[in-house]
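Letter by letter, the chains look like this.
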Amino acid sequence: MEAAVLTGTSAITMTEDKENVLQPQRKNSGKGARARRRGSVPAGAGGAKEGEGETGKPRRLAGIRPRISIEELRNAYKRQASTPQEEILPMFDPMAKAQESKGVTRGRTGLVYDERMAEHRCLWDANYPECPERLTHTLERCRQLGLIERCEPILPRNATEDEILKSHSRSHLYLLWSTKDEKNKEKLENISSHFDSIYIHPETYDLALLAAGSTIDVVDAIMAGKIQNGMALIRPPGHHAMKTEFCGYCFFNNVALAAQVALEKHKLSRILIVDWDVHHGQGTQQMFYEDPRVLYFSIHRYENGTFWPELRESDYDNVGAGRGRGFNFNVPLNKTQMKNEDYLAVFHQVLLPVAYEFNPELVIVSAGYDAAVGCPEGEMEITPAFYAHLTSSLMALANGRVAVIFEGGYCLESLAEGAALTLSALLGDPCPKLLDPILKPSLSMCESLLNLIYVQRPYWKCFQYQGSFSVHEKTNGDTGERHIPTLSYLGNATKPLQYETRNCYPVQSEEVKEKIRLQLARLKQDKPPQMFENNRLCLVYDEAMSNHHSLSEKEHPERPERTERIWKSLKQFGIIERATILQSRYATQQELELIHTHEHVNLMASTSALSEKELLNMQDNYKSIYLHPKSNEAALLAAGSLLQVIDDVCNNKSLSGIGVIRPPGHHAEQDHPHGFCLYNNVAIAAKYAITHHGCERVLILDWDVHHGNGVQHAFEADPKVLYISIHRYDHGLFFPSSEDANYDQVGSGEGEGYTVNIPWNKSGMGDAEYMSAMLQVVMPIAYQYDPQLVLVSAGFDAARGDPLGGCRVTPECYGHMTRLLSSLAGGRMVLALEGGYNLSSISYCMTMCAKALLGDPLPSLESGLVPNKNAVQSISDTIRTHKKYWTALSFQVDLPVEDVLCQGFGGGAQPVESGASGSEVSSTNVSPVSTPSTASPPYVSAPSSPDKTWKNGNSMENGASPQLECSSERTKFDSDKMDIDVTPIPQLQRSVRSRVKSEKAASASVAEQRDVKAGGMQKQFGSEGSSRMSRRKVGDQGGSGESANHTSTPIRPSRPVKNVGLMLRAAASCVGIVKGATAIVSNENTLDSGSINGILKQCKELKLLQSCTRLEPRPASEEEILSVHTRETLEGHVQRETCSKSPCSGDPALTAAGSFVELISEVVQGNVLNGLALVQVSDHTSSGNQIISNNYINNLAVGTQYALDTVGLQRVLIVNWNAQNGYNTQNLFYSDPRVLMFSVNLTDDQSATKGSVDRRGENKGLGYTFDLSLNRDSQSKNFTQGDYLAILHQVILPVAYEFCPELVLLAIGNDLVHQSPAVSPLIYSHITQMLMPLAQGHLAVMLEVGNAKEITKDIATATLSALLDKAVALLPVIYENTSEVQDSVVNMINVQAATWKSLKQHAQISCINTKKQANASSAVLCDEQQIIAKAFDGCVTTPTHTLCLAYDEGMMEHFSYDDETHPERPERISCIFQRLQEFGIVGRCHQVKTRLASAAELETVHSPKHIKFMSSLHSKKPRELQGMQNSFESIFFHRQSNNAALLASGSLLEVVNSVLRGESRRGLAVIRPPGHHAEKNVPCGFCIYNNVAVAAKHATGVHGLSRVLIVDWDVHHGNGIQHMFEDDPQVLYVSIHRYDNGTFFPGSPDANYNRAGTKKGKGYNVNIPWNKGGMGDGDYMAAMIEVILPIAYQFNPELVLVSAGFDAAVGDPLGGCKVSPECYGHMTKLLSCLAGGRVIVALEGGYNLNTISYCMTMCAKALLGDPLIPLSQGLAACPSACETLNNVVSVHQKFWSALDLKSKGMSPSSRKSKKTPKQSPSVDLADRSPETPDGKTGLDELTSTLSQMSLGKEGEGAKSVEVVDVKMEEEDGAVGGACATSAEGLNTFLLTELSGAESMYAVVPLQWCPHLESVKPVPNNSLDAFSPCEECKDLSENWVCLTCYKVLCGRFVNEHMLMHGVTEEHYMVLSYADLSVWCYSCDSYLHHEILLEAKRAAHISKFGEDIPGS
């Protein structure tokens, strides 16, 4: 009856499942976090009601009953049991390995040593660390612990010459032989000095041979089976010795020699060498670097290469070469004080998973103990006892064949203790208790391991627990933490001629020694380890338990034969005779009631008196229970017998125990029986251990295939019991069908976190999955928990062949799991039988567990253990849930698929099967043992990741995998093309909740990092660093600083690559730096002082002078004058005494020079920030003793020389804008690279004009002189301020930022304005403002007064206003640039591009000579500007406040209900406000009153429908909101979302009002949610209302402005703002964003550079789209200076609004760029030159809380006028950015004459079209005619055009073609917005001009998606394109699955492929109709090179030929 009901339920369930499958939830494809949602289940779907049949508290049951109930499985078992066991054994009992282990018991431990080795010592330094006492102390400690006599002695011997020559050269051997018996100490010391850290003794040769020979013999004895394992206590050590070089105390490489003998003599193919010495064993690494037979694994101190041996090859990215690639593992420790938890993480996360996949035949340990507590060289804190744990974990490998070889260790106490406990572990003693708790691994260790996993996962499939992400794709959110590997090498690779031989080691103080002594006294074993030679295991069994059996079912799975067969197997394997047999007993009622209720115990007791009928009726009340009159007696016996084992183990009579008991117990609840279980045996035992034996921490591991619901419920609130269960769950469908078994159940109350469920969601789990769960979850948590007793609910129903479990775990796997657990709790471990229903399987399984507890060697597991995808997900879910409780779970982060190191890494985790156990599937593949990265199927690379496949199974010549050519989106090796340093992406990255690293980090100079990148793999391994003992001086970073010797080219070192924390230090350091005073110095007491007095009077009237610090004028000193002029010149001025009114001696010329020097002195000393010197005389035409113009002094040169010589500055920028030729000043510094000089001159000499650009400097100063001479003819009357701005924007500022001056000197006069009427005196205020961000604001201006008094007054007041950061009037109209200036600028760029990278990669570098086009809008613009200029003439007012600020915590009420880690979270604004407070900025601001925006204000840009929709959110329930948000792109809703959005918009409007009403000069709005993605009708991309767009409309509509500039530097394109103003000429929208050829969010072609606006707004939309990540300061500053400022100045805005998203900043998890906070400050400062300083910065994106707080703070400081931190020297745009800027200029130069520079001065090479892969997807076909000249039709042309498009990744297989200009979009509204729905949202282009193609769309496919990993090779390299659907046999429209290659019909037929794709998670399918590839998960077409194989096969099948051109 029940079965029938279940069958019906199952049918209903499957139907519902099918509906759910066909309608998967829409994916969030935006940049935001993807919400995690659970599917809903129909209420009451099948099964009993919650709590049915239970008398205790109700339990949650899964929403649907299992498809196969326990009763149905029981029937299956009956069918199986009807067949004799002997006949079915071969079918599901392949127990060969278990059977072969019969008779294999633990062998002896060998030990070799020779006390003669103590004779090797240093004759000239008695304190040398590598001393004889290292050996003698160790031997003495082993004797104290009674270990030596327990070992099998191995006689030491010398290695033979032949053995030595296997790894070393003959010269190497003979050199050491030549020192034999040498008595001359000086000679020995001299020989030693030629090697790093070496001393040679007369006996060294013989003793080194003795050490090598002894090591070889230990390994030989192990392989011969004479001993089980062994240890060689030898010296000298060996792992540093190289083939031809002694090194690091080592002469012969003992371990390498032994491994070589094992390979050759014993024919081994897999050897694992584990080197845990704290120094990298580079010698061993080198010898096996290309050998795939040896896996070398080293854990060593590295500290970015600064720790000995300071080798680049010691870093993690050195993974092997040739066939050995992937077989070299380096774990570099980049900090000291690493602890046990750090090394434990290495073993659990990397070493053991790789070792089990590698499956070694022998393990050799290079056992150095210099990482132990107290070692002066290692400075680590590993406790000696921990080495026993490390050794124990390795003993499960290689059938127990482990050889431990003595290496380093220099604290005698910890060395001796650690080595002795290692030997104790080899002898099988229990691992000693760790006295120090296991805590969280350090951040530095986490980084090192994640880096290592990143570079190794292309070769090892075990690394499945770190997700993948592409730095080129938009973020889908919910990605967890992210980590991007970086490289930093700071070591000193210089090899000295001789090394130090004395006193070259660290010496500890007595205080440190005493502290270490006390610490070691606490850690030292106070007595020998307890030996359990004859009582390692106790057993209990009673045949009376067999009396419990089913009365109604003879072949019930839980039958008496289960325990009988186990006991029989234990006898056959000799286990019983080696164990202690305990007497069984009954449990008492008091003991039972420790867990069960009194009523339950009495009820069970009553069953013995019931009749069979009564029992049958009674058992029907419970789930899966049968009762017998003897059932209670058997259950009491089972529980009581297990308590006997507990007593024996807890009383230390036995080390461990096994209870062969039944009935099982783990399902039994406190108040009722359940699932074959009557009393909960293990739960009773755990409670008994707590109450009777005082245990405080008990670990229960339940590996029964069914969840132990009873145990979990008994202890879910008890922290004294940690319950971990590994079981089948099947999404709640597997027995016991309760949601309590899911991973999210963690316990309650005090027990929260102490329940850990690892639920499998499918059948077929095997060894790989269970071992992975053990290593990734169980062992890390267990070590941190530190149990005092381990209990195992040992059900074996997950074993192979079990009729109920459906899994594939082998008996030996259970043995390995037992061995891992035995290192816990001092070995106190008890196993209690639970389930398991295949009699053969369970008998072998329990036997393997018993053998593990006895210390017998275990059979090896299969090679290539890899968990399947489903198991990986389950384990990952558990880790994600429990990482907040257990800090050991710190490694579940995402790693990039790109090759971010440019060394052939990347590509993500290798694909694994989603079906059967990974170990099952791997048996069909080539094992990774031979070549893990060669023969296995290639993994899928990201678009920029090189392919790792091997050609013909062989490696390339250099051993590296063949790599495709780097695309333009990737970092180049070529230093000339290198646009990103070693780390293309900053270290951020991680999730928005990620930590900012606080560990010590460092970075190398560019030159060193290029060596790391380009030469790291080719560097000779023999190159050594400094002495191993040497310590780098404090502050020495190992990088090359600025050279003291000037070279002939500019010294322009780039900013070193730093981690996020370091890159924010500069911003953090300016917390106390605020705007300083402005000084003015003048000598108004001269004879001709009228002009100066007039200037001072006007400055006083304008209230400028009162704000300045007045400096007293002084004459220049003799030393100052003589630094430039001759003594004759000086004496001539001193003798004249012409200044009767001056208080100074000498004439006005001396006073002018001295005054300017005084101003410079005050500026550089920091007494003032900047200043103005008013001088009456001309200075810079004077040089040496050639005195002209009334014998004046060269003031500018004197001041410059003072800054260089007296102050010691190294970089001074001179901008001479005085119109007079400053050749003499140029001549003085013509060869000095410390001075960069720009001169803008007017001259009558035309020849001087033509040759001026060639005056570039000479010798070392070549390139540091810029001379721009313009003809002083009639044309000069037409020079405009646009000309001078072009010079400033296109030449001076780019070079100045690259030069990075320490001081700026500006010389100005009135000639430029006086002789050019079109130029306003205001031009000088703007020149001054744009120079002020340089040199941290240190600017000294010298104004030569001259004769034109009125003009000079205006110049002086304008300049002083700028220096004081006062409001400056708008510039008058800007006309087109004159041709002479255009030509001069272009020629200057062309000539100086060879010297300055900023000019070489300039926005104008590829401009072409195009015919100028008349622009009507430009003419209108000029008229408008004339009107505005007059309106502002003389009307500049000073606002009350410099800066107003808007912030309201009410905006924090908007957050995601279902994802607390969503990037757009409330803390974004609170952390910014807090940072502003820390910097004292809030107190300096006027805080505006925030308010809600009105509907009328919003309706200026949004539709009423959108506003009404948003207003309705507050009344919705959270679940409704979660459903609603799925309809939009990257949006989440909260009930307070609308209120927060209204507050954001309204607050920004108040800031606009404050600025435009004159209350505040500038504004800052710290608001959220952001707005620039919000469209008119829909929210989009985290944005609800478009705040900045509303503000712009408010400015134009309410305040009547006619020109508003919006600059959007958010890393994502502001699609909403663009669409709202693309036809509006009143708003100029400029956006700098990542585009990545259309693949970066929002993924619309509207973001490309060719979208310039529509209708009247043409030219008013400027997109600057980056096509790669990693953009930094150089790229953004180039865009700002060379493109944005020229356009903005011509536009002449009245207000500047900044959409300030900081997601392009360093460390942002979504942006993938590396803009520094100070760069945002510089951009803000430059924008402040516009609109009279009326600039408002409004927050948009930015998701690294630390970074955005500093970024906004730097913007605020810029708005307040504070000095800015200089940007890095060598600033320039990368090639990709240069290409983007060139494209922008080419489109917009016809709209903005400021960008229109003629190209006739360009070199021919720069005019040639570049050959690069054609870009996609922006191909404009609008201008093509329907009929092409060759007669092709429109459709033919479409085919032809598409065939030319490169849809593959750039640089990989794409043909080189001429660049096709991407034409600007001419038609309005052709493409929908970024957030358009339906077809409008596709990434398409409309072919409107092709005949017959009016409605055709050519879809541009994605070039990468994460599901490419699932694509498998084509079976037999062929496909049949005419195959029918395998389900319905239809032939009309079929697809082939690219994972399993099934052929099924499409969605327009019967949807069989759609159902298959979603149910099997096979998302990638290929159409046989058009050969396109679709991804069901990404909902998009795909094109990638990995798909070409399948496409070609289908094409050949369909058309009989290969794809043309393939």
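The structure presented is a predicted model; accordingly, all values stated were derived computationally and were not measured.

Here is what the cut-offs are and how they apply
- Residues numbered from 1 in each chain as written.
- Predicted model: local features only at pLDDT ≥ 70, side-chain atom pairs only at ≥ 80, totals over all residues.
- Heavy atoms only, no water.
- Helix = DSSP H or I, 4+ residues; strand = E, 2+ residues; numbered from the N terminus.
- Buried < 20%, exposed > 50% of the residue type's maximum accessible area, 1.4 Å probe, protein only.
- Contact = heavy atoms within 4.5 Å.
- Areas by Shrake-Rupley, 256 points an atom, 1.4 Å probe, with all protein chains shown as cover.
- Pairing = 2+ DSSP bridges.
- Axes fitted to C-alpha atoms, helices over the stretch in contact; angles between N-to-C directions.
- Left-handed = near helix turned anticlockwise from the far one by under 90°.
- Nonpolar A, V, L, I, M, F, W, Y, C, P; charged D, E, K, R; others polar.
- Salt bridge = Lys/Arg side-chain N within 4 Å of Asp/Glu carboxyl O.
- Parallel < 35°, antiparallel > 145°, perpendicular 65-115°, else oblique.
- Arc of directions from axis to C-beta.
- Disulfide = S-S within 2.5 Å.
- Phe/Tyr/Trp six-rings, centres within 6.5 Å; stacked < 30°, edge-to-face > 60°.
- Polar contact = N/O pair within 3.5 Å; in protein donor to acceptor, adjacent residues only side chain to side chain.
- Expected span 1.5 Å × (residues − 1).
- pLDDT = per-residue confidence, 0-100.

Caption draft 1: Local environment of the overall build of the protein. Each helix and strand counted, the protein has 60 helices and 44 strands in total. Across the 2006 residues in the protein, those meeting the buried criterion constitute 65%. Counting contacts in the protein only where the partners sit at least 6 residues apart, residues at least 24 apart contribute 81% of the total. As presented, the protein carries roughly 67500 Å² of accessible surface, and 49% of it is formed by carbon and sulfur atoms.

Caption draft 2: The sheet that holds strand β42 (residues 1964–1967), seen in detail. Overall, antiparallel pairing links the five strands, which are arranged β41-β40-β42-β43-β44 in an open sheet. Taken across any chain shown, the strands that pair with only one partner, and hence form the sheet edges, are β41 (1943–1945) and β44 (1980–1982). Neighbouring strand axes in the sheet, compared pairwise and without regard to direction, differ in orientation by 40 degrees on average. In this sheet, β44 lies alongside strand β43 (residues 1973–1975) in antiparallel orientation, the contact comprising three bridges. For Cys1975, the partnering residue across the bridge sits in β44 and is Ser1980. Contacts from helix α59 (residues 1952–1959) reach β40 (1934–1937), β41 and β42 within the one sheet, and its direction differs from that of β41 by about 120 degrees.

Caption draft 3: Up close: the packing of helix α13 (residues 386–394) against helix α14 (residues 412–426). At their nearest, the axes of α13 and α14 sit 8 Å apart, and the two run at 35 degrees to each other. As for how α13 packs across α14, the hand of that crossing is right-handed. Residues Tyr387, Ala388 and Thr391 of α13 touch α14, and the partners they reach there are Gly418, Leu421, Thr422, Ala425 and Leu426. Split into classes, the residues belonging to the contact of α13 with α14 amount to five nonpolar, three polar and no charged.

Caption draft 4: Representation of the pattern of salt bridges in the model. The final tally for this structure, using the stated rule, is 51 salt bridges. With its nearest N and O atoms 2.8 Å apart, the salt bridge here joins Glu189 to Arg502. Placement of Glu189 in helix α8 (residues 185–192) and of Arg502 in the loop between β10 (481–482) and α16 (510–523) is noted, with a sequence separation of 313 residues between them.

Caption draft 5: Representation of the packing of helix α53 (residues 1673–1691) against helix α56 (residues 1775–1788) in the model. Between α53 and α56, the shortest axis-to-axis distance is 10 Å and the interhelical angle comes to 20 degrees. Viewed along their axes, α53 and α56 adopt a mutual orientation that is roughly parallel. Our pair here, α53 against α56, has a crossing hand that is right-handed. Counting all contacts with α53, which are made through Asp1675, Ala1678, Ala1679 and Val1683, the residues of α56 involved are Ala1777, Leu1781, Val1784 and Val1785.

Caption draft 6: Here's a closer look at the pairing of strand β33 (residues 1661–1666). Burial analysis of β33 places six of its six residues in the buried class, which makes it a mostly covered element. Pairing analysis gives six bridges linking strand β32 (residues 1627–1634) to β33, with the strands arranged parallel. Within β33, the residue paired with Ile1632 across the bridge is Ile1664.

Caption draft 7: Inspection of helix α20 (residues 612–619) at higher detail. Residues of α20 that are buried: Leu615, Met618 and Gln619. Angular distribution of buried residues about the axis of α20 spans 90 degrees; they occupy a single face of the element. Along its buried surface, α20 packs onto α19 (598–606).

Caption draft 8: Quick peek at the state of the cysteines. Per the stated rule, a full pass over the model turns up zero disulfides. Cys142 takes part in no disulfide bond, and the closest cysteine sulfur to it belongs to Cys151, at a distance of 7.7 Å. Classification of Cys142 as buried rests on a relative accessible area of 0%. Cys1778 forms no disulfide, and the closest cysteine sulfur to it belongs to Cys1774, at a distance of 8.6 Å. With relative accessibility at 6%, the residue Cys1778 sits in the buried group.

Caption draft 9: Inspection of the packing of aromatic side chains at higher detail. Scanning all chains against the criterion turns up 43 aromatic pairs. Aromatic pair Tyr128 and Tyr199: ring centres 5.0 Å apart, planes at 75 degrees, arrangement edge-to-face. Of the two residues, Tyr128 is situated in the loop between β1 (109–113) and α5 (133–144) and Tyr199 in the loop between α8 and α9 (204–223); the sequence distance between them amounts to 71 residues. Their ring planes at 50 degrees and their centres at 5.5 Å tell us that Trp1609 and Tyr1720 sit as a pair that is tilted.

Caption draft 10: Up close: the side chain of Asp1610. Structurally, Asp1610 is set in the loop between β31 (1604–1608) and α52 (1615–1621). In this structure the side chain of Asp1610 is engaged in a polar contact, spanning 2.8 Å, whose partner is the backbone nitrogen of His1612. There is a polar contact of 2.9 Å between the side chain of Asp1610 and the backbone nitrogen of Gly1741. The residues touching Asp1610, leaving out its near neighbours within four places in the chain, are His1572, Ile1632, His1633, Ser1699, Gly1701, Asp1703, Glu1740 and Gly1741.

Caption draft 11: A look at the sheet that holds strand β3 (residues 229–233). Taken in spatial order, the eight strands of this open sheet run β2-β1-β3-β8-β7-β4-β5-β6, and their pairing is parallel. Because the sheet does not close on itself, it has two edges, and the strands there are β2 (152–153) and β6 (328–333). Pairing analysis gives five bridges linking β1 to β3, with the strands arranged parallel. Its bridge partner lying in β3, Leu111 is registered against Met231. Packed onto the sheet, helix α12 (residues 340–358) meets β4 (271–275), β5 (294–301) and β6 and runs at close to 175 degrees relative to β5.

Caption draft 12: Quick peek at unusual backbone geometry. With omega at 5 degrees, the peptide bond leading from Arg662 into Pro663 counts as cis. On the secondary structure map, Pro663 appears in the loop between β13 (656–659) and α22 (681–693). For the bond running from Phe1641 to Pro1642, omega is 5 degrees, close enough to zero to count as cis. For Pro1642, the location among the structural elements is in the loop between β32 and β33.

Caption draft 13: Region of interest: helix α17 (residues 561–572). Over its twelve residues, α17 extends 16 Å from the first C-alpha to the last, a length consistent with the 16 Å expected when each residue adds 1.5 Å. Every buried residue belonging to α17 is among Arg562, Thr563, Ile566, Trp567, Ser569 and Leu570, and all of these are buried. One side of α17 holds all its buried residues, which, seen down the axis, span an arc of 160 degrees. Residues of α17 that are buried make contact with β11 (537–540), β12 (580–581), β18 (829–833) and α26 (839–853).

Caption draft 14: The confidence of the model for the protein, seen in detail. Residue-level pLDDT values for the protein average 78, and 76% of them are 70 or greater. A low-confidence stretch, residues 83–93 (pLDDT under 50), is modelled with 15 contacts involving residues beyond four sequence positions or located in other chains. Counted against residues more than four places away or in other chains, residues 1135–1145, with its pLDDT under 50, gives 23 contacts.

Caption draft 15: The arrangement of the environment of Arg662 in detail. Relative to the helices and strands, Arg662 resides in the loop between β13 and α22. For Arg662, a relative accessible area of 0% puts it in the buried group. Spatially, the C-alpha atoms of Arg662 and Arg559 are 9.0 Å apart, while their sequence positions differ by 103 residues. Apart from residues no more than four positions distant in its own chain, Arg662 is found in contact with Met545, Ser546, His548, Glu558, Arg559, Pro560, Arg562, Thr563, Tyr626, Ala634 and Ala638. Polar side-chain contacts of Arg662 include one of 2.8 Å to the side chain of Glu558.

Caption draft 16: Region of interest: the pairing of β3. Within β3, five of the five residues are buried, which leaves it mostly tucked inside the rest of the structure. Judged by which residues are buried, β3 turns out to be covered on both faces: Asn229, Met231 and Leu233 on one side and Gly230 and Ala232 on the other are all buried. In terms of strand pairing, β3 meets strand β8 (residues 402–406) through three bridges, oriented parallel. Paired with Ala232 across the two strands is Ile405, which belongs to β8.

Caption draft 17: Representation of the environment of Asp1646 within the structure. Within the secondary structure layout, Asp1646 lies in the loop between β32 and β33. Asp1646 gets classed as buried once you look at its relative accessible area, which sits at 5%. As for Asp1646 and Gln1618, which are separated by 28 residues in sequence, their C-alpha atoms are 8.5 Å apart. A polar contact of 2.7 Å, which involves the side chain of Asp1646, links it to the side chain of His1619.

Caption draft 18: Just the environment of Lys1100, in detail. Examined against the element boundaries, Lys1100 turns out to sit in helix α32 (residues 1090–1101). For Lys1100, a relative accessible area of 53% corresponds to the exposed category. As a C-alpha pair, Lys1100 and Thr1357 span 257 residues in sequence and 9.6 Å in three-dimensional space. When residues no more than four places from it in sequence are discounted, the contact partners of Lys1100 are Leu1105 and Gln1106.

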